[in-house]
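# Fold and geometry: a report
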Amino acid sequence: MSQNGSGEAGVRILRKYTNRRLYDTSRSCYVTLEDVKQLVLNGENFQVQDSKTGNDLTRNILLQIISEQEAEGHGTLLTNQVLQQLIRFYGDSMQGMMSQYLEQSIAAFLEHQDRIREQMQTMMGAANPLTMMGRFADQNMAVWNMFAPKQGEEESSAESAKGAEAEAEQPAPDSADKKGKSDDQ
C-alpha cells in the first residue's frame, strides 16, 4: 500500500473499526455510509477492510447502503419477490450462472441507459413507456435462453416427424373425392 492510503492501482482503502466507524486512509478522516455511497456514484474504486483482520468488507458495506436506500423509500429496486427469488438461487447449481447473468444484464442496461432514456422520453406522449421496458426484458430473456439447455427440441422434432408420417398415411383429399365420384357414376 502506498503512503497516501491508496492500495493497488488507485484503490481507495477504507478501514472499518470495531466501533463501526469507517476511516478513509487517503483523506485521513472518518467517513459515513453517505460518503461511501458518493464514492460509488462518482465511480471511484475503493475497498473496505476490517481494521484488525484486513478482511474485505466491501460487499457488506454495499449491501448496507442498498438496505438503507430501500428503507428510506427512494423507490424499490429489490421487491420482496425479487429478493425471495435471489435467495432461492443460493446453494443452487445455477448460482454462478445467475450471478453472471445479473452482472451482464446490468452492464447491458448501463450501456444502453442513455438510449433508453431518450426513447422513453419520446414515447411518453405517444405510447406506454412500459412497452420499451418489456422489449428490454425480452432481450434479457434472449440472453438468458442462451445459457438455458435446449429442452423440448428433441420432443418437438419427434412430434413433427410423427405428424408428417400421419399426413403421409392419409389419402389426399382430391383422390378421395375422385374415388367417391367414380363410385357414384
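Scroll up to find the structure this text is about.
What comes next is a walk through the structure. Each chain carries its own residue numbering, running from 1 in the written order of its sequence. Residue-level local features of this predicted model are given only where pLDDT is at least 70; pairs of side-chain atoms are given and counted only at 80 or more, and the full residue set underlies all totals for whole chains, interfaces and linings. Think of the side-chain values as coming from all heavy atoms in the structure, minus any hydrogens and water.

## Description of helix 1 (residues 33–41)
We call a residue buried when its accessible area falls under 20% of the maximum for its residue type, exposed when it is over 50%, and partly exposed in between, using a 1.4 Å probe and counting protein chains only. Here a helix means four or more residues in a row that DSSP labels H or I, a strand means two or more in a row labelled E, and each is numbered from the N terminus. For helix 1, every residue scored as buried is listed here: Leu33, Val36, Lys37 and Leu39. For helix 1, the angular spread of the buried residues around the axis is 155°, confining them to a single face. Those residues of helix 1 that are buried lie in contact with strand 1 (12–16), strand 2 (22–24), strand 3 (29–31), strand 4 (46–50) and helix 2 (58–71). Looking one or two residues past helix 1, Gly43 carries a phi angle of roughly 75°, positive in sign. An arc is given here, and it is the one of the directions from the helix axis to the C-beta atoms. Every residue pair with non-hydrogen atoms within 4.5 Å of one another is taken to be in contact.

## Considering the packing of aromatic side chains
Between the rings of Phe, Tyr and Trp (Trp by its six-membered ring), a pair exists once the centres lie within 6.5 Å; its type follows the angle of the planes, with under 30 degrees stacked, over 60 edge-to-face, and the other angles tilted. Under the criterion given, the structure shown has four aromatic pairs. Note on Tyr23 and Tyr30: the rings are 5.2 Å apart at their centroids and 75° apart in plane angle, and the pair reads as edge-to-face. On the basis of relative accessibility, which here comes to 22%, the residue Tyr23 falls in the partly exposed class. Their ring planes at 70° and their centres at 4.9 Å tell us that Tyr101 and Trp144 sit as a pair that is edge-to-face. Placement of the pair is Tyr101 in helix 4 (residues 95–111) and Trp144 in helix 6 (residues 129–147), with a sequence separation of 43 residues. One exposure class covers both Tyr101 and Trp144, and it is buried. Feature note: the residues Tyr17, Tyr23 and Tyr30 constitute an aromatic cluster, connected by ring pairs. Both a distance and an angle decide whether a charge sits over a ring: NZ of Lys or CZ of Arg must be within 6 Å of the ring centre and within 35 degrees of the ring normal. It is Arg21 that lies over the ring of Tyr30; its NZ or CZ is 3.9 Å from the centre.

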